[in-house]
Amino acid sequence: MSAPAGSPHPAASARIPPKFGGAAASGAAAPAGPAPAPHQQNGPAQNQMQVPSGYGLHHQNYIAPSGHYSQGPGKMTSLPLDTQCGDYYSALYTVPTQNVTVNTVNQQPGAQQMYSRGPPAPHIVGSTLGSFQGAASSASHLHTSASQPYSSFVNHYNSPAMYSANSSVASQGFPSTCGHYAMSTVSNAAYPSVSYPSLPAGDTYGQMFTSQSAPTIRPVKDNSFSGQNTAISHPLPLPPPPSQQHQQQQSLSGYNTLTWSAPGLPSTQDNLIRNHTGSLAVANNNPTITDSLSCPVMQNVHPPKSSPVVSTVLSGSSSTRTPPTANHPVEPVTSVTQPSELLQQKGVDSSSTTSSASPMPNSYDALEGGSYPDMLSSSASSPAPDPAPEPDPASASAPASAAAPVIPQPSKMAKPFGYGYPTLQPGYQNATAPLTSGVQPSNPVYSGFQQYPQYPGVNQLSSSLGGLSLQSSPQPESLRPVNLTQERNILPMTPVWAPVPNLNADLKKLNCSPDSFRCTLTNIPQTQALLNKAKLPLGLLLHPFRDLTQLPVITSNTIVRCRSCRTYINPFVSFIDQRRWKCNLCYRVNDVPEEFMYNPLTRSYGEPHKRPEVQNSTVEFIASSDYMLRPPQPAVYLFVLDVSHNAVEAGYLTILCQSLLENLDKLPGDSRTRIGFMTFDSTIHFYNLQEGLSQPQMLIVSDIDDVFLPTPDSLLVNLYESKELIKDLLNALPNMFTNTRETHSALGPALQAAFKLMSPTGGRVSVFQTQLPSLGAGLLQSREDPNQRSSTKVVQHLGPATDFYKKLALDCSGQQTAVDLFLLSSQYSDLASLACMSKYSAGCIYYYPSFHYTHNPSQAEKLQKDLKRYLTRKIGFEAVMRIRCTKGLSMHTFHGNFFVRSTDLLSLANINPDAGFAVQLSIEESLTDTSLVCFQTALLYTSSKGERRIRVHTLCLPVVSSLADVYAGVDVQAAICLLANMAVDRSISSSLSDARDALVNAVVDSLSAYGSTVSNLQHSALMAPSSLKLFPLYVLALLKQKAFRTGTSTRLDDRVYAMCQIKSQPLVHLMRMIHPNLYRIDRLTDEGAIHVNDRVVPQPPLQKLSAEKLTREGAFLMDCGSVFYIWVGKGCDNNFIEDVLGYPNFASIPQKMTHLPELDTLSSERARSFITWLRDSRPLSPILHIVKDESPAKAEFFQHLIEDRTEAAFSYYEFLLHVQQQICK
Amino acid sequence: MAFTFAAFCYMLALLLTAALIFFAIWHLVLPEYLIHAFFCVMFLCAAEWLTLGLNMPLLAYHIWRYMSRPVMSGPGLYDPTTIMNADILAYCQKEGWCKLAFYLLAFFYYLYGMIYVLVSS
């Protein structure tokens, strides 16, 4: 790299969260060069954004979660965004060309407005090039003053939604420039406000700035969109709701509201970024852009370096107007944009992308919100179910407490930049840590086990020691013994959140979100012997590709990794000095590369510990070509459709084709996206969609024993070039086979053909199958004996009957092809065998039993909604995932859909946001010499836009040496999910009854181990630590789950499907499947309600799953994950029936009812908003069944009441007695 | 001293066991099983009951192992989708080491057996 590390400074901006003490921040920022003059004017706005000190940022991040609910408005914005993302895209495509002239016109007004908002004055004064405001205190002043301008920014950000709405406006790209300009200028201005004490440095930096400003510009472009939005949509940009501004300010980081507003943006960024890299030429011809994506971006691309910047600075207000000129490459681009700032504003974490110092234009990158526009981000972004809002008082107080520990640090940080590293992470240095913690002993937040603030002092101490437990302290709440047989209401009224690891506050803040990464034991036992004593499963639950509302994306020339174990640098490494860091997994000491020394956030040099990589435990890197074996593949989709008589009869083709037509433009992908179709019955039909044909051409191959591709080149076609043909085909398909008499299904040969078709590129194959394959390779026989469905003894045929599908899947996996199976079958179709095609190729499986488009409308609707999600969600291609953990731990078994290529490398042909994984761990060497262990997942994938990316999650957990601490840290939900995965394996490899016994033994062993070692109370009672009190209940729920139940009639396919889901669902969804939530909904009140998206969502308390809670006078909602039941009691209040269900009385409610009518009553509104809120929280749309008390369907409902006794299974109390009996034996 | 059939069997077994030692290390499963079964049959024909008896447990294990292999259409023992699970991998490795030890001992036993047969007859 030619550019010195220092050079990037100008580009990078850091934002200062308004809340924080400015002093620390300013001090940190000091080393950064003085801003070029031009920046100064807009300065105020930026200042806020610049928070140099990493600590401060974190704060913010973590605070946010607790505030979640309150921050409703942000969320509100998010929802519209999601829906509109699609629009945005389509708009882009449809309106590719833009007139330059138009742009300029638009831009100017917009820019002016923007400018006017930001009160530049105060800052300008200080901001001249040479001048530095030395005092840290001044920074704080700035903050306050700056708040106003900042808010204006907020507007921009929020605005995207509006923009997208208006997306049809023709000239998007250009107006954006003006917006972007405004933004950029603002950011520049921000500069001055941050005071730089060090004069000498300043000069040089300033110069550097101007020269380097050019490269930075790119990121700006991204923002430009948002800016543009405002300009277009609001003639009067100003009126941002104050609340929003507020949020934005607060939320600078990680988990805050910004994220909500962001989703629309990231996508645009993506596009933009890409374009930049690719196309200088394109930029010039804005008007002609055929590639719709590229157009908006282009203008900024050619910033002439250096000189222009200065001029803008001077011009002050006028500078904002300059943007129009920017469109033309010829003119020097005036604004120096600082990418990082922009990014941040979007709600990206404090860490923005930091680019390496390289002057090349590409080096900078915008942060990506993490969500592609096309995905239904609603599920992810929808606030509702997320555990983020923590009910616990302790967590609420967290912000305050979090602030406390920082106190000692600011002073350190404030020291000018030569200052050494020592401050880095107090947690790491055991010696220092206690000190810091000791300073604020009273702080409740730190109590060892987070939920329970009672024993703050001691626990805090212990936590500061890195988890070494001090047993002298009173027991933490999670260890409080609970007498299970005495406790009648074991289920808490509110949802169960993941326990927070007992770390010190700084590490806690940095730790990975439990949504993505959870461990069954949040206190890792020191030795395998200790783990064996505890009799609890140790493992990780992963949801690595979850839809994130915001995610720091990092582009830099070198991705910093440990030289020996290849771990990515993460927040839990320790810096030995300024130049060296110590890997937290293998303890090797590595050098800090020169590029890493510069922190673009703070524009400071020599503070690698403040880089976003070290400030965020979830980051995404843009990978270089070192991470590619071949050029990134395009998105390729192949649909393999069953068109036998059975399939036509079921009528799924209509729904599929309709969904495809609707979502064709939203399929994730870039201009290279390819798509193809195959249908099969007893023969295989290919469709030639080559551009230039007047209509799709059907090619029939009847030689199914030796399948060949009739015209290999024209079967997978470019989506955009052949769109008309594709649409023709989709319109024609549903009616093409209406009179077919062919009942056979040659699925195997069709899959072989699909494999041949896909193998050159890789991609995704979606298979729709409606019956047992009966011809050619891979044919299957019916293995199910209906009489055995309710057998209590042996359940056979859980494994595959043939390895054809497995081998095929492995072949596909080798060619980076994933096979997704949609099974829509009314009879047995041997899912156990068919599922293999998806299991080992990292596909996913959907099953719609007894699907029929008219007879079973609720299934049809579900298919439709699932397809929408399926087609539009984010997708990663040719992915591999590697999980690393601290030396001494090792992984042994993986669960999920993938192929294990080596002991820690999972090969995933495709990765989708709904895939979860589980890993079992063992402790190979004693961990006595460490107090913390870390786990890191790195997911390397090709995005649908053809970018190679690496998503890295890092989780840090304390090590403990006493059994009591191990019990105190149990994450019971994670443990149950891991057990469920293990039980599935066991039932396939051994037998179902073995698996059931193992589940019961898991409870018996762990409780008896607890009873005999930890609790010294009377042994007659069945005692459990509070952290494990739900363990028996959940295990009982598992035993009554479709996958594992016996004695109740269960179709083999249903059972196998439940097992597939257990293996591949992420924890949140799996938990609902295992243990449904029951709410009483006939008396919803606003008490404790939360605000989401302008609606009030009531939060009724959870009821335990027992008929004892059902009263005839009530109505209850049961949330089983993929199904909702509303049970209406016989004596239910007529008001409720009338207001919510829309019928005069109980008798008139129909037997089959699957929708709540939209009635204009308060109770109806509440019920609907509650159900919608629940629905938004999951990727697959659940079906709603309204069950009358006396209808036959109520059996379905009652089988989920797992605390009750059935003919074949224990009630909860009986189960407890059984466990107790086993323990006493 | 005569070169009997039994001596021939021992000599053959000696050579083949040398090969087996490598197969056990490299997990060439099918050749290993076949070779082992082959000289078991040879010993049966040669009426070397003691030697046969010593080999019977391993033969039985091989048969059991192959009968209970995962579902697959081709020959083979290891399922590519599960072999990388650490517990299965560890099991297979341990199995390999045990067999290696067994074959090494067997090698010297056959050497002894061959010389004994040659000398005694």
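Residues numbered from 1 in each chain as written. Chains lettered and ligands numbered in written order. Predicted model: local features only at pLDDT ≥ 70, side-chain atom pairs only at ≥ 80, totals over all residues. Heavy atoms only, no water.

(A) Geometry of the overall build of chain A. Across its full length, chain A holds 46 helices and 34 strands. For chain A, with 1225 residues in total, the buried portion stands at 67%. Pairs at least 24 residues apart make up 81% of the contacts formed inside chain A by residues separated by at least 6 positions. Here chain A has roughly 37,600 Å² of accessible surface; of this, 55% comes from carbon and sulfur atoms. (Helix = DSSP H or I, 4+ residues; strand = E, 2+ residues; numbered from the N terminus. Buried < 20%, exposed > 50% of the residue type's maximum accessible area, 1.4 Å probe, protein only. Contact = heavy atoms within 4.5 Å. Areas by Shrake-Rupley, 256 points an atom, 1.4 Å probe, with all protein chains shown as cover.)

(B) Here's a closer look at the state of the cysteines. With the rule as written, the count across this model stands at 0 disulfides over all chains. Here Cys562 of chain A is not disulfide-linked; the sulfur of Cys586 of chain A is the nearest cysteine sulfur, at 3.4 Å. In this structure Cys9 of chain B is not part of a disulfide, and its nearest cysteine sulfur, from Cys45 of chain B, lies 7.1 Å away. Overall, the relative accessible area of 1% leaves Cys9 of chain B in the buried class. (Disulfide = S-S within 2.5 Å.)

(C) Highlighting the packing of aromatic side chains. Residue and element names in this part refer to chain A. On inspection of all chains with the given rule, the structure shows 34 aromatic pairs over all chains. Judged by centre distance (6.2 Å) and plane angle (55°), the rings of Tyr637 and Phe877 are tilted. Pair noted here: Tyr637 is in strand 12 (residues 636–642) and Phe877 is in strand 20 (residues 876–885), with a separation of 240 residues, a long-range link. Its relative accessible area of 0% is what places Phe877 among the buried residues. Judged by centre distance (4.5 Å) and plane angle (5°), the rings of Phe768 and Phe822 are stacked. Separated by 54 residues along the polypeptide, Phe768 in strand 17 (residues 763–769) and Phe822 in strand 18 (residues 817–823) bring together distant segments of the chain. Considered together, Phe768 and Phe822 belong to a single accessibility category, that of buried residues. (Phe/Tyr/Trp six-rings, centres within 6.5 Å; stacked < 30°, edge-to-face > 60°.)

(D) Local environment of the interface of chain B and chain A. On the side of chain A, 17 residues touch chain B, which itself brings 11 residues to the contact. Taken over both partners, the interface formed by chain B and chain A buries close to 1,100 Å², and the fraction arising from carbon and sulfur atoms is 57%. Looking at the side of chain B facing chain A, the largest losses of area belong to Val71, Thr81 and Met84 of chain B, adding up to 48% of the total buried there. Where chain B meets chain A, there are 1 salt bridge. Across the pair Asp79 of chain B and Lys806 of chain A runs a salt bridge whose closest N-O atoms are separated by 2.5 Å. At the junction of chain B and chain A, the tally comes to 1 residue pair in polar contact (both at pLDDT 80 or more). When grouped by side-chain class, the residues that make up the side of chain B that touches chain A number 6 nonpolar, 3 polar and 2 charged. (Buried area = accessible area lost by both parts, 1.4 Å probe. Salt bridge = Lys/Arg side-chain N within 4 Å of Asp/Glu carboxyl O. Polar contact = N/O pair within 3.5 Å; in protein donor to acceptor, adjacent residues only side chain to side chain. Nonpolar A, V, L, I, M, F, W, Y, C, P; charged D, E, K, R; others polar.)

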